[in-house]
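Given next are the chains, with one letter for each unit.
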Amino acid sequence: FSALGLAPDESIDLESVQLTIDGQGVTSIAKPIASAAAAPQRSTMLVLDASDSMRQPTGGGISRLDAAKSAAEAYLNAVPGDVLVGLLTFADTTKLEVAPTTNRTAVRTALRGIQTSPGTSLFDGVVAATDALGDTGVRNMLLLADGANGKSTNTLATATAAITEAEVGLDAVSLAGDAAQAAQL
């Protein structure tokens, strides 16, 4: 656990810390970490499908792209401030819109400016996002797409190998209209 916001002269009585899971007490030991510097850097890449298929409407009457943008905005509103967040889009090619940063304004500005274009390089987007996240710290990506790959030079197998080898977590949100498209995610 963490206890943010304590004054410099305040501390936690570690003997009084109790852990419960589903209302049941669990034996645990509370220890302070050496320093905030010991905590790993956390980074997330928002990976958005900017292909023309994202213009299609969702069941809610807005475009798939607008639904993806809305989900990305919700993520930006909820993610802790110390997490680096980047933005990568893919259509015919991939584009690193914003490298991982704590500057949420930069990410939001780039997010709002995304326009669609032909082609879908879904697997290339996953590989490029993995590369852009680097190789240190806790790294994740949030993929918002309709799942219809079409132009990638990478395959599903190479994209899967890239994220597995780099130990990058991937959460995929399908904005697809059918199960066949969603299956690629």
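Thresholds applied
- Residues numbered from 1 in each chain as written.
- Predicted model: local features only at pLDDT ≥ 70, side-chain atom pairs only at ≥ 80, totals over all residues.
- Heavy atoms only, no water.
- Helix = DSSP H or I, 4+ residues; strand = E, 2+ residues; numbered from the N terminus.
- Buried < 20%, exposed > 50% of the residue type's maximum accessible area, 1.4 Å probe, protein only.
- Areas by Shrake-Rupley, 256 points an atom, 1.4 Å probe, with all protein chains shown as cover.
- Pairing = 2+ DSSP bridges.
- Right-handed = clockwise from strand over helix to strand, strands pointing away.
- Patch = residues over 30% accessible without salt bridge, like charges linked within 9 Å, V, L, I, M, F, W, Y side chains within 5 Å.
- Salt bridge = Lys/Arg side-chain N within 4 Å of Asp/Glu carboxyl O.
- Contact = heavy atoms within 4.5 Å.
- Axes fitted to C-alpha atoms, helices over the stretch in contact; angles between N-to-C directions.
- Parallel < 35°, antiparallel > 145°, perpendicular 65-115°, else oblique.
- Left-handed = near helix turned anticlockwise from the far one by under 90°.
- Nonpolar A, V, L, I, M, F, W, Y, C, P; charged D, E, K, R; others polar.
- pLDDT = per-residue confidence, 0-100.
- Core = buried A, V, L, I, M, F, W, Y, C linked by side-chain atoms within 4.5 Å.

**Description of the overall build of the chain**
Scanning the chain from terminus to terminus reveals five helices and seven strands. Reading the helices (α) and strands (β) of the chain from amino to carboxyl end gives β-β-β-α-β-β-α-α-β-α-β-α. Relative to its full complement of 185 residues, the chain shows a buried share of 35%. A total of about 10,500 Å² of accessible surface is found on the chain, and carbon and sulfur atoms cover 53% of it.

**Overview of the pairing of strand β7 (residues 169-174)**
Where strand β6 (residues 138-145) meets β7, six bridges bridge the pair, whose relative direction is parallel. Note on β7: the bridge partner recorded for leucine 143 is alanine 172. For the crossover from β6 across helix α4 (residues 156-166) to β7, the handedness is right-handed.

**As for a nonpolar patch on the surface**
On the surface, a nonpolar cluster with roughly 230 Å² of combined accessible area is contributed by Leu19, Ile21 and Val26. As for its position among the elements, isoleucine 21 is in strand β1 (residues 19-21).

**Here we look at the environment of lysine 151**
Within the secondary structure, lysine 151 sits in the loop between β6 and α4. Residues lysine 151 and threonine 93, spaced 58 residues apart in sequence, show a C-alpha to C-alpha distance of 8.3 Å. For lysine 151, the contacting residues outside a window of four places in its chain are Asp92, Gly119, Thr120, Ser121 and Asp124.

**So, the pattern of salt bridges**
Evaluated as defined, the whole model comprises seven salt bridges. In this structure, the salt-bridge partner of aspartate 92 is lysine 151, at a minimum N-O distance of 3.4 Å. With aspartate 92 in the loop between β4 (84-90) and β5 (94-101) and lysine 151 in the loop between β6 and α4, this residue pair connects regions lying 59 residues apart in the sequence. Note that glutamate 97 is salt-bridged to lysine 95, the shortest N-O span being 3.7 Å.

**A word on the packing of helix α3 (residues 122-132) against α4**
In the contact formed by α3 and α4, the axes pass within 9 Å of each other and the chain directions differ by 20 degrees. By the angle between their directions, the pair α3 and α4 is classed as roughly parallel. The handedness of the crossing between α3 and α4 is left-handed. Contacts from Phe123, Val126, Val127 and Thr130 of α3 reach α4 at Leu156, Thr158, Ala159, Ala162, Ile163 and Ala166. For the contact of α3 with α4, the residue count by class is eight nonpolar, two polar and no charged.

**Focus: the sheet that holds β6**
Reading across from one edge, β5-β4-β3-β6-β7 is the order of the five strands in this open sheet, with mixed pairing throughout. Both outer strands of the open sheet, β5 and β7, are each paired with one neighbouring strand and no more. This sheet shows a mean twist of 15 degrees between the axes of neighbouring strands, independent of strand direction. Where β4 and β5 come together, five bridges link them in antiparallel fashion.

**Concerning the confidence of the model for the chain**
With 88% of its residues at a pLDDT of at least 70, the chain reaches an overall mean of 87. At the low end of the mean pLDDT range in the chain sits helix α5 (residues 179-183), at 58; at the high end sits β5, at 98.

**Focus on the environment of glutamate 73**
As for its position among the elements, glutamate 73 is in helix α1 (residues 64-78). Those residues in contact with glutamate 73 that lie beyond four places of it in its chain are Arg108, Leu111 and Arg112.

**Here we look at unusual backbone geometry**
For residues that are not glycine, phi is negative in most cases, and the peptide bond is trans in most cases. Unusually for a residue other than glycine, glutamate 167 sits at a positive phi of about 60 degrees. Relative to the helices and strands, glutamate 167 resides in the loop between α4 and β7.

**Regarding the nonpolar core**
Leu46, Leu48 and Leu87 are the most contacted members of the largest nonpolar core, which has 21 residues in total. Listing elements by their share of this core, those giving two or more residues are β3 (42-49), α1, β4, α2 (104-112) and β6. No other element matches the five residues that α1 contributes to this core. Residues in contact with leucine 46, not counting those within four places in the same chain, are Ala72, Tyr75, Leu76, Val85, Gly86, Leu87, Leu88, Val107 and Leu142. With 17 residues, the next largest nonpolar core counts Met45, Leu88, Leu133 and Ala145 among its residues.

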